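# Architecture and fold: a report
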Amino acid sequence: MQETHFLSTSNPKPFSSIPLPNPNPNPNPKSQFQSSSSSSHHDPSFHSPKTPHFPILSTKTKTKTKTPSSSSPQILKSLKPQIPPPPSDFHDKALYLDSIGLDLFSLLHHHPPIASASLPDLKSTVHFLTSMGFSTPEFRRLVGMCPEILASRVSDIIPIFTFLLREARVNGSDLKRVINRRPRLLASSVKHRLRPTLYFLQSIGIADVNKHTSLLSCSVEDKLQPRVDYLEKIGFSRRDALAMFRRFPQLFCYSIEHNFEPKFNYFVVEMGRELKELKEFPHYFSFSLENRIRPRHQRCVEKGVCFPLPILLKTSEAKFRERLEVCCNSSIPLRNSPLWCTNSISGDLDK
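So, a few notes on the structure that sits alongside this text. (Residues numbered from 1 in each chain as written. Predicted model: local features only at pLDDT ≥ 70, side-chain atom pairs only at ≥ 80, totals over all residues. Heavy atoms only, no water.)

Turning our eyes to something else, we now look at the packing of helix H11 (residues 220-233) against helix H13 (residues 256-270). The contact between H11 and H13 brings their axes to 12 Å, and the two run at 15°. In terms of orientation, H11 and H13 fall into the roughly parallel class. Crossing of H11 against H13: the hand is right-handed. In this structure, H11 uses Pro-226, Arg-227 and Tyr-230 to contact H13, whose residues at the interface are Ile-256, Phe-260, Glu-261 and Phe-264. (Axes fitted to C-alpha atoms, helices over the stretch in contact; angles between N-to-C directions. Helix = DSSP H or I, 4+ residues; strand = E, 2+ residues; numbered from the N terminus. Parallel < 35°, antiparallel > 145°, perpendicular 65-115°, else oblique. Left-handed = near helix turned anticlockwise from the far one by under 90°. Contact = heavy atoms within 4.5 Å.)

Structure representation (structure tokens):
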């Protein structure tokens, strides 16, 4: 577009503050403004030897270039980089897990890292475990008890089966039963959890660890050792405490706060018994305080009878009532009496 230039013919003030270059001492106005005169149709003002001035552009003929407004939503939308739509992997995982009876959203609530597991890895894990003999209902139960299994790859699970068979000495025919009993084994590290726990159990004298594989997923520092320390704290020597765990390894599974403390306090304060009874019968901690220990002890107190812990707790309810009626007017044989280990008492313990 052509722009019209207007030069003033009056005597304007010279631009003294902006010196104009003058390489030729004798300037020729005609040659100096030759290009301008050709575009101005030979305007006579270009032939007069006057001081040249800067042209003033006409505001009427000037055309402004329209720049995109940053506030225009349409333009912003066109300028934004095109983001590809989210992958359908999450949707596919949800459909796949739903097809085998698992709710992805419920699993994510309990173990969010499942969201990062790829669909091929999920399928591989499911296929591997079902090929090991686990049925679909069994697999659903495993994942329900330990959602971390779904986030595990087959390359992480194979070493666990190898460890159980070779180091823990689990029979191949018992492998399913072991996993069904303690699914968390499949989410435990062999190097950082299973092998250190195996060595600890063997070091305190538990030889047949394959009969207590549920303990292998427990932390030595956080769970096993604190229970040994607690028994020492309440009066047992370390030797006696370890003997109790060897006699009853499941003692490691009980809570200190909710099991050991209330039952031990009742044993000492209410029952008034000695520690050596607990040493010989650590199974005491496996019985319910409210449903077995307290009711039977109170009935014995009412009848004036004192049974040894095994007879007090292990016998069936019918057998306990029968024996209580028989002994209500007599006393139980002393522990050092020859009658203590009679066949009748031993028979009661087996029932």
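What follows is about the state of the cysteines. The final tally for this structure, using the stated rule, is zero disulfides. Just so you know, Cys-218 is unpaired, no disulfide at all, and the nearest cysteine sulfur is the one on Cys-253, 5.5 Å from it. We classify Cys-253 as partly exposed; its relative accessible area is 31%. (Disulfide = S-S within 2.5 Å. Buried < 20%, exposed > 50% of the residue type's maximum accessible area, 1.4 Å probe, protein only.)

We now examine unusual backbone geometry. Of note in the backbone geometry, Arg-169 takes a positive phi value of approximately 60° without being a glycine. Mapped onto the fold, Arg-169 is located in the loop between helix H8 (154-166) and helix H9 (175-181).

Because each turn of an α-helix spans 3.6 residues, side chains separated by three or four positions end up pointing in the same direction. Spanning 13 residues, helix H6 (residues 119-131) covers 18 Å between terminal C-alpha atoms, matching the ideal 18 Å at 1.5 Å per step. Among the residues of H6, Leu-119, Leu-122, Thr-125, Val-126, Phe-128 and Leu-129 are the ones counted as buried. Contacts from the buried residues of H6 go to helix H4 (89-99), helix H7 (136-145) and H8. Of the residues one or two after H6, Gly-133 is the one with positive phi, at around 110°. (Expected span 1.5 Å × (residues − 1).)

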